[in-house]
Amino acid sequence: RHSSHPDYYKMGNHIPGVRIDGMNILAVKEGMRFVKEHCGSGNGPMYVEMMTYRYHGHSMSDPGTTYRNREEIAMTRSTRDPLEFVKKTLMEAGFAEADEIKSIEKRIRKEIQAETKKAKEYPDVELSDMFDYVYADEMAGRKQEKQDFIRMPDYAKSVRK
């Protein structure tokens, strides 16, 4: 990617931008509050660059370790993990105790497992219904017109009206 600005949030030239530490929920909240206030006051758009870190590769064919080493990933996880940051901040501020956070995490894991099990019990969606309720108008009861033909990667599974 070539640009006169190596920082993505500056690439708008005449459109202002901000860079936010996307690994810090407090920075995200305050940064987006600022952006909302700026844009909502009639000052026009604003670019937002969220600085985050992927612990895994992009896909099965990209393990994420060809362009960075495991030590870097482990170091980032141990020093900048957003969930650990929130837990640590809550405990340091005296808003929660470690055992209280553990019990909340257990409850959430149980909820996720129960909801996952429930979702897996639903029958598979018919291929012809795959594109229903894609648009907001459909949710409001106004049906969108379906395309006559939707090409799937496996041509034999393409959808025809």
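Shown above is the structure to which this text applies.
Enquirer: How should I be thinking about the overall build of the protein chain in this particular structure?
Expert: Counting its secondary structure elements, the protein chain contains five helices and four strands. Considering only residue pairs separated by 6 or more positions, the protein chain has 36% of its internal contacts joining residues 24 or more positions apart.

Enquirer: Looking at this structure, I do not really get helix α3 (residues 82-92). What am I missing?
Expert: Think of an α-helix as turning once every 3.6 residues; residues three or four places apart then point the same way. Regarding α3, its N-cap is aspartate 81, as a side-chain oxygen of that residue lies 3.1 Å from the backbone nitrogen of leucine 83 further along. Where α3 terminates, the next one or two residues include glycine 94, which has phi positive at roughly 80°.

Enquirer: How should I be thinking about helix α1 (residues 25-43) in this particular structure?
Expert: Counted at 1.5 Å a residue, the expected span for α1 with its 19 residues is 27 Å, and the 25 Å between its end C-alpha atoms agrees. Within α1, burial applies to Val28, Gly31, Val35 and His38. For α1, the buried positions fall inside an angular range of 100° around the axis, keeping them on one side. Exposed positions of α1 whose direction lies more than 90 degrees from the buried face are Lys29, Lys36, Gly40 and Ser41.

Enquirer: Hey, could you run me through the pattern of salt bridges in this one?
Expert: Here the idea is simple: oppositely charged side chains can pair when their charged atoms come close. Counted by the stated rule, this structure contains nine salt bridges. The residue lysine 88 makes a salt bridge to glutamate 92 at a minimum N-O spacing of 3.9 Å. You can see lysine 88 and its partner glutamate 92 sitting in helix α3, four residues apart, about one turn around the helix. Residue glutamate 92 is classed as exposed on the basis of its relative accessible area, which comes to 60%. Through salt bridges with shared partners, a single network forms among Glu30, Arg33 and Glu37.

Enquirer: What should I look at first to understand a positive patch on the surface in this one?
Expert: Judged by side-chain charge, Lys102, Lys106, Arg109 and Lys110 come together as a positively charged surface patch. Assignment of secondary structure puts lysine 106 in helix α4 (residues 98-121). When its relative accessible area of 58% is taken as the criterion, lysine 106 is described as exposed.

Enquirer: Where do I start with a nonpolar patch on the surface in this structure?
Expert: Residues Ile25, Leu26, Val86, Leu90 and Phe95 make up a contiguous nonpolar surface patch of roughly 460 Å² in combined accessible area. Of all the secondary-structure elements, those providing two or more residues to the nonpolar patch are α1 and α3. With respect to the helices and strands, isoleucine 25 occurs in helix α1. Accessibility expressed as a relative area gives 48% for isoleucine 25, which makes it partly exposed.

Enquirer: Can you help me understand the pairing of strand β1 (residues 17-21) in this one?
Expert: On any regular strand, side chains alternate: one points to one face of the sheet, the next to the other face. Only one face of β1 is buried, namely the one carrying Val18 and Ile20, since none of Gly17, Arg19 and Asp21 on the opposite face is buried. Relative to strand β2 (residues 47-51), β1 runs parallel, the two being bridged by five bridges. Bridge assignment links aspartate 21 to a residue of β2, and that residue is methionine 51.

Each value, and the rule that gives it
Residues numbered from 1 in each chain as written. Predicted model: local features only at pLDDT ≥ 70, side-chain atom pairs only at ≥ 80, totals over all residues. Heavy atoms only, no water. Helix = DSSP H or I, 4+ residues; strand = E, 2+ residues; numbered from the N terminus. Contact = heavy atoms within 4.5 Å. Polar contact = N/O pair within 3.5 Å; in protein donor to acceptor, adjacent residues only side chain to side chain. Expected span 1.5 Å × (residues − 1). Buried < 20%, exposed > 50% of the residue type's maximum accessible area, 1.4 Å probe, protein only. Arc of directions from axis to C-beta. Salt bridge = Lys/Arg side-chain N within 4 Å of Asp/Glu carboxyl O. Patch = residues over 30% accessible without salt bridge, like charges linked within 9 Å, V, L, I, M, F, W, Y side chains within 5 Å. Areas by Shrake-Rupley, 256 points an atom, 1.4 Å probe, with all protein chains shown as cover. Lys, Arg positive; Asp, Glu negative; His and termini not counted. Charge placed at Lys NZ, Arg CZ, Asp CG, Glu CD. Pairing = 2+ DSSP bridges.

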